[in-house]
Amino acid sequence: MHKIFAKPLFLGKHIVYLPECQSTNEIASKMAATSELLEGSVIITDKQTDGRGQRGNTWVTEAGKNLTFSLFLKPSFLKISEQFNMTMIISLAVREVFEKFSHSSQVQIKWPNDVYIADRKCAGILIENSLKGNKLEEMVVGIGMNINQGNFHVSQATSLFGETGAEFELRDVLEETLIAIEKYYLQLKNSGLHAIRSNYLSKLMWKDEWHIFEAAGKAFNGKILGVDQIGRLIVEKDKNQYAFDIKEISFLK
Ligand code: BTN
């Protein structure tokens, strides 16, 4: 796992492998703050003791069975207001890899950046930024991908093993993930935002369907219409459109 990868151009050329750590995001941020960390470095562990999730949640997975890693990037070509572009490309890449290995036609992105196979989550992403002026100076992209784990504490989780009954080489899945992220990262850098946005929207779970959501403590019937430039979810409700950020809305059913 700790040998560098040949195929990606710049991701995974420097790999820091830790058998155990609190959180790869935390290690990556500390390393970036205290040393010259090469862009594209991967910090990877078999076991996280304090894995961080979105909305202040923890990320708990079985040691040695999954991919838990962080990528260090310097997307200084993006303004702070363009952060969501990174969310889109990372989720597109991770989604694509699950589709490739599971052969499932039901791999989708749950806004903003969870990957689901049918109605179960198989991957989570936590992006943490450091800013310089109005630019995104440094970014730690933390990715948790459920690969060979068979049982989960929560019912709404799955893995490649859970979907296919087969075990996968973690290194192969990681290499494909780095290749896919690199492809979308270069597309974004080369003015491919329009295509990325439409690709992201085409893979979005519940888009253009009526479902039950919750906002401000109230459940309501709504339809996802899309996302705005800063990544807020645009939902139709009672013939009006509303924009929600991540803390403001939950998906019920
Ligand atoms: C979520 O869906 O809540 C995001 C989960 C992100 C988990 C990954 S695992 C590797 C990296 N290190 C962390 O502490 N978190 C991310």
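So, here's what we can say about the structure. Just so it is clear, the model here is predicted, and its values are computed rather than measured. (Residues numbered from 1 in each chain as written. Predicted model: local features only at pLDDT ≥ 70, side-chain atom pairs only at ≥ 80, totals over all residues. Heavy atoms only, no water.)

## Side note on the nonpolar core
Move 1: Among the nonpolar cores identified, the biggest contains 63 residues, and Phe69, Phe98 and Met145 are the most heavily contacted of them.
Move 2: Element by element, the count of residues in this core is highest for helix α2 (residues 83-102), at 11 residues.
Move 3: Ignoring sequence-local partners within four residues, the contact set of Phe98 consists of His103, Val107, Val115, Ile117, Cys122, Ala123, Met145, Asn146, Ile147 and Leu160.
Move 4: By size, the runner-up hydrophobic cluster in this structure holds seven residues, among which are Val16, Ala28, Ala32 and Leu37. (Core = buried A, V, L, I, M, F, W, Y, C linked by side-chain atoms within 4.5 Å. Buried < 20%, exposed > 50% of the residue type's maximum accessible area, 1.4 Å probe, protein only. Helix = DSSP H or I, 4+ residues; strand = E, 2+ residues; numbered from the N terminus. Contact = heavy atoms within 4.5 Å.)

## Side note on the sheet that holds strand β1 (residues 15-21)
Move 1: Taken in spatial order, the seven strands make up an open sheet running β1-β2-β3-β7-β6-β5-β4, and their pairing is mixed. Either end of the sheet is taken by a strand with one partner, and the two such strands are β1 and β4 (107-110). Shown here is a sheet whose adjacent strand axes are inclined to one another by a mean of 20 degrees, direction ignored.
Move 2: Across six bridges, β1 lies against strand β2 (residues 42-48) in parallel orientation. Bridged to Val16 within β2 is Ile43.
Move 3: Sitting on the sheet, helix α1 (residues 24-34) touches β1, β2, β3 (67-73), β6 (120-132) and β7 (135-145), and the angle it makes with β2 is about 145 degrees.
Move 4: Along the sheet, helix α4 (residues 170-189) contacts β2, β3 and β7; its crossing angle with β3, the most-contacted strand, is approximately 30 degrees. (Pairing = 2+ DSSP bridges. Axes fitted to C-alpha atoms, helices over the stretch in contact; angles between N-to-C directions.)

## Some points on unusual backbone geometry
Move 1: That bond from Trp111 to Pro112 is cis: its omega, 0 degrees, falls within 30 degrees of zero.
Move 2: Mapped onto the elements, Pro112 comes out in the loop between β4 and β5 (114-117).
Move 3: Phi is positive for His103, which is not a glycine, with a value near 55 degrees.
Move 4: With respect to the helices and strands, His103 occurs in the loop between α2 and β4.
Move 5: Using a relative accessible area of 71% as the deciding quantity, one classes His103 as exposed.

## Side note on the site of the ligand
Move 1: Surveying the vicinity of the ligand reveals 20 residues, the closest of which are Ser23, Gln48, Arg52, Gln54 and Lys121.
Move 2: A distance of 2.7 Å separates an oxygen atom of the ligand from a polar atom in the backbone of Arg52.
Move 3: For the ligand, an oxygen atom lies 3.5 Å from a polar atom in the side chain of Asp114.
Move 4: Listing elements by their share of the shell around the ligand, those giving two or more residues are α1, β3, β6 and β7.
Move 5: The biggest single contributor to the shell around the ligand is β6, with four residues.
Move 6: Looking at the shell around the ligand, its residues break down into five nonpolar, 12 polar and three charged. (Near = heavy atom within 4 Å. Polar contact = N/O pair within 3.5 Å; in protein donor to acceptor, adjacent residues only side chain to side chain. Nonpolar A, V, L, I, M, F, W, Y, C, P; charged D, E, K, R; others polar.)

## Observations regarding the sheet that holds strand β12 (residues 250-251)
Move 1: Overall, antiparallel pairing links the five strands, which are arranged β11-β10-β9-β8-β12 in an open sheet. The strands lining the two open edges of the sheet, one partner per strand, are β11 (240-244) and β12.
Move 2: Bridge count for strand β9 (residues 218-227) against strand β10 (residues 233-237) is four bridges, and the pairing is antiparallel. The partner of Val227 across the bridge, within β10, is Leu233.

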